[in-house]
Amino acid sequence: MKKLRILMDCDTGTDDAIALVCAANTPNVELRAVTTVAGNADLCFTAPNTLNLMRYIGCPVKVSKGAETPIKRVLSEIREKVDEEAGQIDTHGDNGLGGIVLPEAKDGFYPLDAVDTIYEEAKACGGELVIIATGPLTNIANAITKHPELKDGLIKKIVFMGGAAKGGNTTAVAEFNWLCDPEAAHIVLMSGIPCVMVGLDVTEKAEISDEFCDRVRTLRSNGAKVCSEILEFMRARRDTHGGESTLMHDGLALAAAVIPDVVSCRHLFVDAECDGKYTFGHSFVAFDNRLGDFTPNCDVALEVNVKMLEEYMWDCLIRSEEKR
Ligand code: RIB
Ligand code: CA
């Protein structure tokens, strides 16, 4: 069976890290590259978090540095809004990884930046590359802008964690990744590249159970250990500050690419609101197309099978154990 060839673009981040451990331990998946972007924390954290994590779990995949800032917005203002409005301590801890400090990688970042790594991998995979984006879409948008031929079949699909058909987790109407860079989201959604939106509609239902967390604590591989520490950080925050719990936002985006039946989708028109005073960052989903104004451009995930997600993640962690 032909392997699924993927590139992950992450703002590592606690839930990004769990998704990366699973991606590195999924059978029939070839993780071609990981590109990094600022989001949960500045790039000076998210990039080394990613490189150190991949080496800590024994994965030699190329890791590239990407955008330090969104196309237009100011990250620090967005993150202040999260903390202020949500009344939460920073969801991902001081360093983006819940304060977890990993051994420093012995090698460095890939010489190409994220944009050129995406282009290099898309060409190398001859149109079979699937991109899984778990942070702001800045790198993907910049790659499409710099290399417009990426829109002509060089990228098979973009599965992104972001947006919400209803509600938001940063403002009342905007999800964090899209609020950071709505201009990037617009470029990606208008590109014509097949997209799957794994938004809050499903990720806020993808809460990992305490029973699962307790099982993970019994494992000993480096991958399982870092996942367990992150899950414990998430549970501790939930118990002391409320708000986000063990929500697998990014893990579900990966699962939606690898085991698509984990979510059920509708093909709808989606675009990012970039100009609204109160609504910038909102993901407009045209459920009502009675005037026929909107041509569907995205598979929007609306239901999730959490049991299937946990089973997939458990299989990945057991595979990580078997590599010890
Ligand atoms: O809104 C949730 C998303 O924002 C997740 O990708 C999380 O890692 C943060 O980047
Ligand atoms: Ca993320």
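Look up: the structure comes first, before these words.
Here goes a summary of the coordinates provided. All values reported here derive from a predicted model rather than from experimental measurement.

Each value, and the rule that gives it
Residues numbered from 1 in each chain as written. Chains lettered and ligands numbered in written order. Predicted model: local features only at pLDDT ≥ 70, side-chain atom pairs only at ≥ 80, totals over all residues. Heavy atoms only, no water. Helix = DSSP H or I, 4+ residues; strand = E, 2+ residues; numbered from the N terminus. Rg over C-alpha atoms; globule rule 2.2 N^0.38 Å. Contact = heavy atoms within 4.5 Å. Lys, Arg positive; Asp, Glu negative; His and termini not counted. Charge placed at Lys NZ, Arg CZ, Asp CG, Glu CD. Buried < 20%, exposed > 50% of the residue type's maximum accessible area, 1.4 Å probe, protein only. Pairing = 2+ DSSP bridges. Phe/Tyr/Trp six-rings, centres within 6.5 Å; stacked < 30°, edge-to-face > 60°. Lys NZ or Arg CZ within 6 Å of the ring centre and 35° of its normal. Near = heavy atom within 4 Å. Polar contact = N/O pair within 3.5 Å; in protein donor to acceptor, adjacent residues only side chain to side chain. Areas by Shrake-Rupley, 256 points an atom, 1.4 Å probe, with all protein chains shown as cover. Nonpolar A, V, L, I, M, F, W, Y, C, P; charged D, E, K, R; others polar. Axes fitted to C-alpha atoms, helices over the stretch in contact; angles between N-to-C directions. Parallel < 35°, antiparallel > 145°, perpendicular 65-115°, else oblique. Left-handed = near helix turned anticlockwise from the far one by under 90°. Donors = N, O, S within 2.8 Å, 3.2 Å for Na, K, Ca; no water. Right-handed = clockwise from strand over helix to strand, strands pointing away. Core = buried A, V, L, I, M, F, W, Y, C linked by side-chain atoms within 4.5 Å.

1. Focus: the overall build of the protein chain
Scanning the protein chain from N- to C-terminus turns up 12 helices and 10 strands. The globule rule puts the C-alpha radius of gyration for 324 residues at 20 Å, and the 18 Å found for the protein chain is close to it. Projected onto its principal axes, the C-alpha positions of the protein chain cover 55 × 45 × 35 Å. Restricting to contacts in the protein chain with at least 6 residues of sequence separation, those with at least 24 account for 82%. A distance of 5 Å separates the average location of the 33 positive side-chain charges in the protein chain from that of its 50 negative side-chain charges.

2. Considerations on the pairing of strand 10 (residues 298-304)
Burial of strand 10 is extensive: five of the seven residues sit out of reach of the surface. Relative to strand 10, strand 6 (residues 195-198) runs parallel, the two being bridged by two bridges. Bridging from a neighbouring strand, Met 197 pairs with Val 300 of strand 10. Both strand 7 (residues 263-268) and strand 10 contribute to a ladder of six bridges, which runs antiparallel. Note on strand 10: the bridge partner recorded for Val 263 is Val 304.

3. A word on the packing of aromatic side chains
Throughout the structure, instances matching the rule amount to five aromatic pairs. Feature note: the residues Phe 269, Phe 284 and Phe 294 constitute an aromatic cluster, connected by ring pairs. The side chain of Arg 215 reaches across the aromatic face of Trp 314, ending 4.6 Å from its centre.

4. Focus: the site of ligand 1
Around ligand 1 lies a shell of 13 residues, among which Asp 15, Thr 134, Asn 169, Glu 175 and Asp 250 are the nearest. Interatomic distance of 3.0 Å between a side-chain N/O atom of Asp 11 and an oxygen atom of ligand 1. Within the backbone of Thr 134, one N or O atom sits 2.9 Å away from an oxygen atom of ligand 1. If ligand 1 stood free it would expose 270 Å²; the protein chains cover 97% of that surface. Where the shell around ligand 1 is concerned, the elements lending two or more residues are helix 1 (14-23), helix 6 (176-180) and helix 11 (249-258). Residues belonging to the shell around ligand 1 are distributed by class as follows: two nonpolar, six polar and five charged.

5. So, the packing of helix 1 against helix 10 (residues 222-241)
At a minimum axis separation of 10 Å, helix 1 and helix 10 run at an interaxial angle of 155°. Classified by the angle between their axes, helix 1 and helix 10 sit roughly antiparallel to one another. Helix 1 and helix 10 meet at a crossing whose hand is left-handed. Counted together, Thr 14, Asp 15, Ala 17, Ile 18 and Val 21 of helix 1 and Gly 223, Val 226, Cys 227, Ile 230, Leu 231, Phe 233 and Met 234 of helix 10 form the full contact between these two elements. Residues of the contact of helix 1 with helix 10, tallied by class, amount to nine nonpolar, two polar and one charged.

6. Quick look at the environment of Arg 266
Along the chain, Arg 266 turns up in strand 7. Distance from Arg 266 to Val 304, taken between C-alpha atoms, is 13 Å for residues 38 residues apart in sequence. Ignoring anything within four residues of it in the chain, the contact list for Arg 266 reads Phe 287, Cys 298, Asp 299, Val 300 and Leu 302.

7. Quick notes on the coordination of the calcium ion (ligand 2)
Coordination of the calcium ion (ligand 2) by the protein comes from Asp 11 (OD), Asp 16 (OD), Asp 16 (OD), Thr 134 (O) and Asp 250 (OD), over a distance range of 2.2 to 2.7 Å. Positions of the donor residues of the calcium ion (ligand 2) along the chain correspond to the pattern D-x4-D-x117-T-x115-D. Of this pair, Asp 11 sits in the loop between strand 1 (4-10) and helix 1 while Asp 250 sits in helix 11, and the two are 239 residues apart along the sequence. There is no split in this pair, since Asp 11 and Asp 250 are both buried.

8. Some points on the sheet that holds strand 6
Ordered in space as 3-2-1-4-5-6-10-7, the eight strands form an open sheet in which the pairing is mixed. The two strands at the open ends of the sheet, each matched to only one other strand, are strand 3 (62-65) and strand 7. Neighbour to neighbour, the strand axes of the sheet diverge by 25° on average, direction disregarded. With seven bridges connecting them, strand 1 and strand 2 (residues 29-36) associate as parallel partners.

9. Section: the pairing of strand 1
Most of strand 1 sits out of view: six of its seven residues are buried. Since strand 1 and strand 2 lie parallel, the crossover through helix 1 that links them has a hand, and here it is right-handed.

10. Notes on the side chain of Arg 79
Among the structural elements, Arg 79 can be located in helix 3 (residues 75-86). Excluding anything up to four places from it in sequence, Arg 79 contacts Gly 39, Asn 40, Ala 41, Asp 42 and Phe 176.

11. A look at the nonpolar core
Ranked by internal contacts, the top residues of the largest apolar core, which has 64 residues, are Ile 6, Met 8, Leu 31, Leu 53, Met 54, Leu 252 and Met 313. Residues within four places of Met 54 in sequence aside, it is in contact with Leu 20, Ala 24, Leu 31, Cys 59, Val 61 and Val 63. In terms of nonpolar packing, the next biggest core, distinct from the first, is built from 37 residues, Val 115, Ile 140, Ile 193 and Val 270 among them.

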